[in-house]
Amino acid sequence: MWLNPEEVLLKNALKLWVTERSNDFFLLQRRRGHGEPGSRITGLLVGALDTVLDSNARVTPFRILLQVPGSQTSWVIASGAAIEEVNKHWDWLVHNLLHSLLVFENKEDAASFVRGKVKGLIAEDARGRQAAQEEDPEKFRDALLKFERHFGLPSSEKLVTFYSCCCWKGRVPRQGFLYLSINHMAFYSFLLGKEVKFVIPWAEVTRLERVSTALMTEAIRVTTRQRQREFSMFLNLDEAFGVIGQLADITLRRLLDSEGLELDWVLQQPARITKRILEEQAIREYVLALFRLPRGEKLHEVASCSVWTPHARCHTAGMLYTTDGYICFSSREEGCCTLLIPLSEVLSIEKAESTSVLPNPVIVSVRTKKAFQLIELQDRDELVENMSSRLRATQWKQSMFRSRKDSRSSVVREPTHRPPSFTEAVKARLWEDHFLEFGRGVYMFRTEKIQKLVAMGIPESLRGELWMTFSDASSELESHQGYYAGLVQKSMGQSNLATEEIERDLHRSLPDHPAFQNPTGIAALRRVLTAYAHRNPKIGYCQSMNILASVLLLYSKEEEAFWLLVAVCERMLPDYFNRRVIGAQVDQSVFEELIRERLPELAEQVPDLSTLSSVSLSWFLTLFLSVLPFHSAVCVVDCFFFQGIKAIFKLGLAVLEANAAQLSACTDDGQALMILTRYFLDRVGSEETPGAALCPPTEENSGSDTDIPAVGHINITVLINESLEKFRDLTVRQIERLRCLHRIQVLQAHEDTIKENALRLVTPDVSISPETMSDIYDLFKKKDPVTTKPGHHQSITAWQYSDSGRSFVERQYRLDRPQFKSLYGLLAPWPTVSNQHTDTLANRTFTLLDQDHDNLVTFKEFSSWLDTLYCEELNEKIRLLYRLHIPPALTEHEEDSSLRSTLLSTNRPLYLNKEPSEAVKDYQEQLKQMLQDLTKEKKKDVDQPLPLMNQREFIQFCKTLYSMFHGDPEENELFQAIATVTSLVLQIGEASHHGQAKGSEVSGQEEAEAPECWREAGSLAAASEWTVSYAQILASLLTEQALVNFFEKPADLSVKIAEAKENQYQQRAVYQPSWRLNSSGVV
């Protein structure tokens, strides 16, 4: 295969290669010991040598080298495991390139020509492989070539798919092609001699929607911060809209979310994204949401089939989904019949004899001696083999890691010592009958009948069991025996931000319930919350988790409550419980969309639906536990565990519909909150406690006389059934599609807020205009590696809090050294054509700005640097240049400055604050001393003169000045001026040096005081070293008017920013990996 040309200094180091064929420019070589008779020992020796020289070496036995006549340097351009493969490459080189190379006078140019050709062949091969994955390879290949030719994006920008469509400009449609790549959507049209093309980065998309107008029957509207564009006349609008939404969502989740929204690992590698991957990912997201599976589950097979349903005495048609740990079935109509079988419960998966009545049957046997029959499976043999392989892996893990230790404690609910009410007994009997017909346990058939039973409220005796069953927390508990006890042991006794917040909220969790009015209940709640914070530090602890955990503890054992909390936070409400509650805000935006769609009259009367969504946020975060009477709220939790978030959406719509008339007259969210609060507390009740507030059952309010709801109250069961009936067509698939679209809006809104806060924090400290600061922020953000690089999210978790000295805005965007150097080249006011010295100066600037030595520069530090260069007086600019040429900015080995410690100059002694014997042991005294030291350091920065510059540092300073003047119209005058200044400063330094050498000896007392002078003034140096001061250099520079004019000449930062935006693609091709490519403009 062709290889990216890699330089080889020695063509045959250690005689490990044998040349088979050669000419003036190419060598075909064979690895010694390969293909030789009786060469087994030689081959073993060469292989051992490869391993010693490179532990990762897997050297192919044949290779082709490009050589330059008369040079010792060669390049490996092809390799292969078989001689036939390499001979094909050799023949192509000889027939297509060799004669062309003979006409080159400069052999280096010939070698460069060959390297370019080989890179072109590699790119062509990559296009071919990508095109081969598409439905129509030739058509896709042609589109890929046009995409690269029309838009000139970096080669790493991968085309995902393309569509023929119209782009509307006012009332004029332009027919062309819409190209969708990993970071952009691009449109090209050439009609009647007029060319139209533009590029929209996904990172700039703020809204996606489907619209219909008089001119366009149905179109896709893409909104950015600058404008809107409409696209119509797609052959498959649904598919195009889905792919556009996915790509925008994936890019924004990858680029903008610094706290790491859950994103599949495949999507974190944009180079691997294809249209087929996106289709598979859409199905996977739907399956995870429908069956509420762990986020790490990988979808393997999707197949249509029919399952024997004993309760219906027939086969039910639907879709089979298999993942790492589950076999899932859903009927064609979502919600009619679903089946979830964890592989941990499966004993065997076997094929049965196929007949005309039962074609391609498969029998899945589970531990309870129950079997499930699947028929009409295509590719049955391969499917069974794959499932059996995963089953064997699951059984092996169980046998290796299962422990018999059981640390589950009892339920913390206080015993009431009273017989169950008549209603509870009836419910329990109905559930027992249901178990006999539909099965019991996690693999029971879930149908509309069970939905009605859940809406009635699960009896308390079964509530904990069924919550564990519906959420499949029981499987997690079974496969992690002893895990919770270990977490409790590790986490208890630790003190951090999460535990502090937990302690504050412990007594606010169901404060009126007797179970949490005693140490036993509080201790159990503390253990559950602290253990979860230790398990998942990215979430840690968030408010509302305490209320949810309290209710879980009332109906389940402590360890079961922990796994239920895991299921809710990580599977059923993904991205809800983090510092910015992104998931909850996305669902609020979806809820607003559903109000417009399902309750249009209310939407017309209340134009600003954010009023209602702000009130309903607590409904989603606490599952109505914070607003409904206790027994009514628990019924809602029952529905949530059975149906997931869909139940909350439906109930929320039903509540708003019931109060639509009063809500229409509201003027603010305060009135809406009052109306809904009165509705929940005064009207909604249950058979147990109609209208009761959030409180425990007592003897007074739980007797038989309360079994019938009071007149005028709404039974929660009736309200739930109405919501399920009126909004039954709301499906998980619809919710997932809406989440994908609205996540874009929520992330962009967060980004706007962060930008506003960052500019508000920085703008008062600089003289740059707010408009220019906004442009600088955009450039800075797009270069930021911290929030965009997969696996490098700098999220601040509750459990392991870091960067506590910085605000959230300061932590949000920071640059590492390569990214800073990229922006330095774009925005530095002086010429940057001297690449080597520009790189050196950029390294020094980064080191100087990195004040906390974390190898990251904040936006505030970056803005301060730009402000000095473009807005400060001459003396401040010279001061900055001076600081760039003394430690810590100047290092001993600048070519490796990121890995070396700063230079310790001999004329600056190293100081220690205290001797070890003087160390203060008391913690408060240490803090006091630290504050005093910080105050001294701050005073030193303000009042203390800069340290002296030695001769080596001054030479570096002069080199920088020479490089800055290159290309200036007054270049000759500037060079003469700096030569004069250099000579003058050297004379000053020599005079000072000789004057110190001839001076009188320092007395013992003066020697003792010398270090103090050095510390406080920084103006003394060792008598034996040549030095000059900042004041001397500044005074010398001021003697030359050409230099004064150069530094006082105003520079237009806005022009530099405009040029930077035009050149950003070229810069990113050099510095940035493909996963961070984006743009802020239109081509």
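Calculation criteria
- Residues numbered from 1 in each chain as written.
- Predicted model: local features only at pLDDT ≥ 70, side-chain atom pairs only at ≥ 80, totals over all residues.
- Heavy atoms only, no water.
- UniProt positions renumbered as here; feature names shortened; annotations may be inferred.
- Pairing = 2+ DSSP bridges.
- Helix = DSSP H or I, 4+ residues; strand = E, 2+ residues; numbered from the N terminus.
- Salt bridge = Lys/Arg side-chain N within 4 Å of Asp/Glu carboxyl O.
- Buried < 20%, exposed > 50% of the residue type's maximum accessible area, 1.4 Å probe, protein only.
- Phe/Tyr/Trp six-rings, centres within 6.5 Å; stacked < 30°, edge-to-face > 60°.
- Arc of directions from axis to C-beta.
- Contact = heavy atoms within 4.5 Å.

Per an unreviewed UniProt entry, the protein chain goes by TBC1 domain family member 8B and derives from Nothobranchius furzeri. We quote the UniProt Subcellular location (unreviewed entry) comment for the protein chain here in full: "Cytoplasm, Cytosol".

Draft legend 1. Inspection of the sheet that holds strand 17 (residues 346-351) at higher detail. One open sheet accounts for eight strands, arranged 17-18-19-13-14-15-16-20; its pairing is antiparallel. Each having just a single partner strand, strand 17 and strand 20 (446-447) make up the two edges of the open sheet. Pairing of strand 14 (residues 314-323) with strand 15 (residues 326-331) involves five bridges; the strand directions are antiparallel. Within strand 15, the position partnered with Met319 by the bridge is Ser330.

Draft legend 2. Structural view of the pattern of salt bridges. Applying the stated rule across the entire model yields 42 salt bridges. Between Glu570 and Arg535 there is a salt bridge, with the nearest N and O atoms lying 3.1 Å from each other. Here the residue Glu570 occupies a position in helix 17 (residues 558-572), and Arg535 occupies one in helix 15 (residues 519-535), the gap between them amounting to 35 residues. The class of Arg535 is partly exposed, set by a relative accessible area of 26%. A salt bridge links Glu751 to Lys781, with the nearest nitrogen and oxygen atoms 3.7 Å apart.

Draft legend 3. Spotlight on the pairing of strand 3 (residues 26-31). The element strand 3 is largely enclosed, with a buried count of six among its six residues. Alternating residues of strand 3 divide into Phe26, Leu28 and Arg30 and Leu27, Gln29 and Arg31, and every residue in both groups is buried. Pairing of strand 2 (residues 17-22) with strand 3 involves five bridges; the strand directions are antiparallel. Each bridged residue has a counterpart across the sheet, and for Arg21 the counterpart in strand 3 is Leu28. Linking strand 2 to strand 3, which pair antiparallel, is a turn of three residues. In the sheet, strand 3 pairs with strand 4 (residues 62-67) via five bridges, with the strands oriented antiparallel. Opposite Phe26, over in strand 4, you have Leu66 as the bridge partner.

Draft legend 4. Just the packing of aromatic side chains, in detail. The full count for this structure, using the stated rule, is 51 aromatic pairs. Ring centres of Phe26 and Trp90 lie 6.4 Å apart, and the angle between their planes is 75°; this geometry places the pair in the edge-to-face category. Residue Phe26 is located in strand 3, and its partner Trp90 is located in helix 2 (residues 83-96); the two are separated by 64 residues in the primary sequence. Comparing Phe26 with Trp90 shows no difference in burial state: the two are buried. Considering the side-chain rings of Phe954 and Trp1026, the 6.0 Å spacing of their centres and the 40° angle between planes classify their relative orientation as tilted. With Phe954 in helix 34 (residues 951-964) and Trp1026 in the loop between helix 36 (1004-1016) and strand 26 (1027-1028), the pair connects residues that are 72 residues apart, well separated along the chain.

Draft legend 5. Broad picture of helix 13 (residues 483-491). Within helix 13, the full set of buried residues consists of Tyr484, Leu487, Val488 and Ser491. Looking straight down helix 13, one finds its buried side chains confined to an arc of 100°; they lie on one side. For helix 13, exposure combined with an orientation more than 90 degrees from the buried face picks out Gln489 and Lys490. In this fold, the buried residues of helix 13 make contact with helix 15 and helix 17. Downstream of helix 13 by a residue or two, Gly493 has a phi angle that is positive, lying close to 95°.

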